[in-house]
Amino acid sequence: MPMKHRVVVIGAGFAGLQVVLGLKGAGCAITLIDRRNHHLFQPLLYQVATTLLATSDIAWPIRALMRERKDVTTLLAAVEGIDRAAREVVLRNGERVPYDTLVVATGARHAYFGKDQWEADAPGLKTLEDATTIRRRLLLAFERAELTGDPAERQALLTFAVIGAGPTGVELVGIIAELAHRILPAEFRRIDTRQARILLIEAGPRILPAFSDRLSAYATRALKRRGVEVMTGAPVTECSDSGIVLDGRFIPARTVIWAAGVQASRAHDWLGAEADRAGRVVVTPELTLPGDPAIFVLGDTAHVETGGRAVPGVAPAAKQQGKHAARTIRARLAGKPPPGAFRYRDMGNLATIGRNAAVIEFGRFKMTGWFAWWVWGIAHIYFLIGTRSRLFVALSWLWAFLSRQNSARLITQREAGHR
């Protein structure tokens with residue numbers, strides 16, 4: 001019996017998982033490698049960080065997803081490198097996994113623009129561990145403010161600074177404001193949580209820069225009505241566990257969250273490939289490594305252009321790339337013409353600002369307000385995996401809406417090496 005075509009997929013994010021799903025029944029022997037045991041729905045990660053959802057609502061064990069796929073072997077492992085000459089993936093434990101076709105979809109990590117020492121005091125939001133760390137710090141800030149008798153320390157504890165005003169930053173401050181102004185006031189006796197200072201900081205001239213000027217202005221007004229201070233036009237120049245320096249002024253803040261930038265994984269080093277300034281591997285229009293069509297690079301790991309524009313690092317783009325790569329692999333195995341160049345179908349931009357407020361932009365079509373908020377929610381529920389997740393998320397949102405209580409407000413675990 002001839003050996004099955006060996007497909008190795010590194011990364012079980014949106015792109016990698018879509019490749020595996022798209023190769024069902026193709027007769028391949030697939031190895032799926034990830035250093036975590038779960039697939040994560042990142043667009044709702046900020047809701048775990050801000051107490052709206054539990055971790056199990058937006059993450060699913062990879063092995064459970066692949067339970068019925070006897071053609072898929074799942075490895076919980078970290079990749080150390082790729083031996084292109086030998087056609088092998090090198091794992092950190094020294095094991096080598098051979099491949100005929102390789103898919104690299106390892107995502108992105110936080111980018112601190114040369115200030116990596118800030119990460120301990122200003123965590124980003126890319127993993128479940130990040131989300132639970134941020135949630136712990138948010139809740140502990142209120143608890144410690146309740147304990148302290150020092151007014152200056154209390155104000156620093158009740159100052160929350162989010163750096164970066166893309167969708168993640170905007171969505172974070174919207175829910176933090178909801179916590180401070182609507183949910184927590186009745187639960188504390190020594191402090192008034194409504195006195196919390198919530199800062200959204202953007203080095204550029206306006207928030208939500210990927211959206212139109214009109215939607216950016218609407219989001220700014222909506223946040224200000226919720227008590228958020230929107231600060232644009234100046235970058236943060238210093239960051240520590242005591243606060244930040246903005247435009248030459250020191251602002252005491254015990255909770256700082258980083259939402260300002262991302263950097264691709266080390267894949268370009270593994271492959272010895274050309275990369276853009278964000279570390280993304282420059283690939284061909286077919287999503288393969290130049291000069292090596294057996295290697296696909298997808299999602300946040302890849303720099304590809306369609307229609308003269310770089311494809312954005314968003315979930316719909318990653319899923320579309322995964323489907324395209326799977327179709328290409330299937331065509332090759334069947335001896336049929338491949339689908340050709342990848343074409344990105346822009347699904348528009350969405351961001352929620354808080355209760356009854358969101359912005360949606362799809363070409364010339366723009367929407368704001370409560371109806372946009374409902375559309376945003378329905379769209380996200382639709383893309384979740386499985387009926388259970390859709391039901392649990394919908395019920396959590398309904399409970400929060402009706403009761404004005406967030407259900408995931410437990411302070412658990414301990415942060416290693418910090419505070």
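That block above? That's the structure.
To start, this report covers the structure provided alongside it. (Residues numbered from 1 in each chain as written. Predicted model: local features only at pLDDT ≥ 70, side-chain atom pairs only at ≥ 80, totals over all residues. Heavy atoms only, no water.)

**Focus: the overall build of the chain**
Working step 1: Secondary structure summary: the chain contains 11 helices and 27 strands in total.
Working step 2: A globule of 419 residues ought to have a C-alpha radius of gyration of about 22 Å, and the chain, at 22 Å, matches this closely.
Working step 3: Considered along the principal axes of its C-alpha atoms, the chain spans approximately 75 × 45 × 40 Å.
Working step 4: When the 419 residues of the chain are sorted by exposure, 53% land in the buried category.
Working step 5: Taking as baseline every contact in the chain between residues at least 6 positions apart, the subset at least 24 positions apart corresponds to 63%. (Helix = DSSP H or I, 4+ residues; strand = E, 2+ residues; numbered from the N terminus. Rg over C-alpha atoms; globule rule 2.2 N^0.38 Å. Buried < 20%, exposed > 50% of the residue type's maximum accessible area, 1.4 Å probe, protein only. Contact = heavy atoms within 4.5 Å.)

**Focus on the sheet that holds strand β15 (residues 243-246)**
What holds strands together in a sheet is hydrogen bonding between their backbones, with the strands either parallel or antiparallel.
Working step 1: If you walk across this open sheet you meet the 3 strands as β14-β15-β16, and the pairing is antiparallel. Of all strands in the sheet, those with a lone pairing partner are β14 (236-240) and β16 (249-252), marking the two edges. Put simply, the sheet's adjacent strands are angled 20 degrees from each other on average, direction ignored.
Working step 2: Note: β14 against β15, 4 bridges, orientation antiparallel. Residue E238 lies in a different strand from β15, and its bridge partner there is V245. (Pairing = 2+ DSSP bridges. Axes fitted to C-alpha atoms, helices over the stretch in contact; angles between N-to-C directions.)

**Observations concerning the environment of T50**
Working step 1: Note that T50 resides in the loop between α2 (45-49) and β4 (59-61).
Working step 2: What makes T50 buried here is its relative accessible area of 0%.
Working step 3: Of the polar contacts made by the side chain of T50, one reaches the backbone oxygen of Y46; its length is 2.7 Å. (Polar contact = N/O pair within 3.5 Å; in protein donor to acceptor, adjacent residues only side chain to side chain.)

**Some remarks on the pattern of salt bridges**
Working step 1: Tallied over the full model, the rule gives 17 salt bridges.
Working step 2: A salt bridge links R355 to E178; the shortest N-O distance between them is 3.2 Å. Of this pair, R355 sits in the loop between β25 (349-354) and β26 (357-362) while E178 sits in helix α6 (residues 167-183), placing them 177 residues apart in sequence. This pair shows no difference in class: R355 is buried, exactly as E178 is.
Working step 3: Each of D83, E88 and R96 takes part in a single network of salt bridges with overlapping partners. (Salt bridge = Lys/Arg side-chain N within 4 Å of Asp/Glu carboxyl O.)

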